[in-house]
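Working through the structure, step by step
Read off the chains here:
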Amino acid sequence: MFRKTVFAGTALFAALVAIPQARAEAPAPKGGISAPGAVQAGRYTVEPYHTQVEFTLMHMGFTAFSGFFSQASGTLVLDPAHIEATKLDVTLPIASVQTTAAKLDSELKSADWFDAAKYPSARFVSTHVTRTGSSTATITGDLTLHGVTRPVTLKARLIGSGVNPLDKKETVGFEGSTVISRSAFGVSRYVPLVGDQVTLHIAGAFEKAS
């Protein structure tokens, strides 16, 4: 029973890579962080240690259950003066899924859920970016998950930019959110007992490469 209850909850994350819905904006941390207008244009690569995707869904109508994906890779081409020209391409390994139970992690990787052996990664590639505020934008793109590609729109906010005091690299950080239907990507086990709507919250850190 525990197996079905816990693993079912996380699995629904299948709706993956998209992002939160009205999550309160956290204040930007102080120290070494510049204003949005000071962000340097250029090509950035994902800083994998501080980039993650959190997924949350309803579990049998009792609780909102969450888990994470990590070990991201990819690139961001950014020019603050021409935000509409931004290009984002990020990939996440499905095998990185992590919850509070190792048994559930294994279930989510199996053919019953994400089938990590057959579909080893999830990928988001932007197609259009629209500025919505001094530090916010919507990013529309194609999300490929479980062998299915569908359009997804993320709400993104710049948190800060500047030189990382530890590795001395120019860094920019964002948060993003969206809600997706896991069944639309072919991950439909236990719907509707385990929720179909999955909220994604993304913490994205990027280091300047050029």
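See the structure printed just above.
This write-up is about the structure you can find in this document. Just so it is clear, the model here is predicted, and its values are computed rather than measured. (Residues numbered from 1 in each chain as written. Predicted model: local features only at pLDDT ≥ 70, side-chain atom pairs only at ≥ 80, totals over all residues. Heavy atoms only, no water.)

**Observations regarding the overall build of the protein chain**
Put simply, the rule is: Put simply, DSSP H or I for four residues or longer makes a helix, DSSP E for two residues or longer makes a strand, and each gets a number counted from the N terminus. Relative accessibility decides the category of a residue: with a 1.4 Å probe and only protein chains considered, values under 20% of the type maximum give buried, values over 50% give exposed, and everything between is partly exposed. The contact rule is simple, with two residues in contact once any of their heavy atoms fall within 4.5 Å.
Looking only at helices and strands, the protein chain has two helices and ten strands in total. In sequence order, the protein chain lays out its α and β elements as α-β-β-β-β-β-α-β-β-β-β-β. Buried positions account for 44% of the 210 residues belonging to the protein chain. In the protein chain, the share of contacts with a sequence separation of at least 24, taken over all contacts with a separation of at least 6, comes to 66%.

**Focus on the pattern of salt bridges**
Note the cut-off: One side-chain nitrogen of Lys or Arg within 4 Å of one carboxyl oxygen of Asp or Glu is enough to make a salt bridge.
All told, the structure shown has three salt bridges when counted by the stated rule. Aspartate 89 is paired through a salt bridge with arginine 123; the nearest N and O atoms lie 2.5 Å apart. Of this pair, aspartate 89 sits in strand β5 (residues 87-93) while arginine 123 sits in strand β6 (residues 121-131), and the two are 34 residues apart along the sequence. Close ionic contact of glutamate 175 with arginine 157 constitutes a salt bridge, the shortest N to O distance being 2.9 Å. Here the residue glutamate 175 occupies a position in strand β9 (residues 170-181), and arginine 157 occupies one in strand β8 (residues 148-163), the gap between them amounting to 18 residues.

**Re the environment of threonine 178**
So the rule is basically this: A 3.5 Å cut-off defines polar contacts: any pair of N or O atoms within that distance qualifies, except that in protein one atom must be a possible hydrogen donor and the other a possible acceptor, and neighbouring residues in sequence count only when both atoms are side-chain atoms.
Tracing the backbone shows threonine 178 in strand β9. What makes threonine 178 buried here is its relative accessible area of 8%. Taking the C-alpha atoms as reference, threonine 178 lies 7.8 Å from valine 152; in sequence the two are 26 residues apart. Looking at threonine 178, its side chain comes within polar contact range of the main-chain oxygen of threonine 153, at 2.8 Å.

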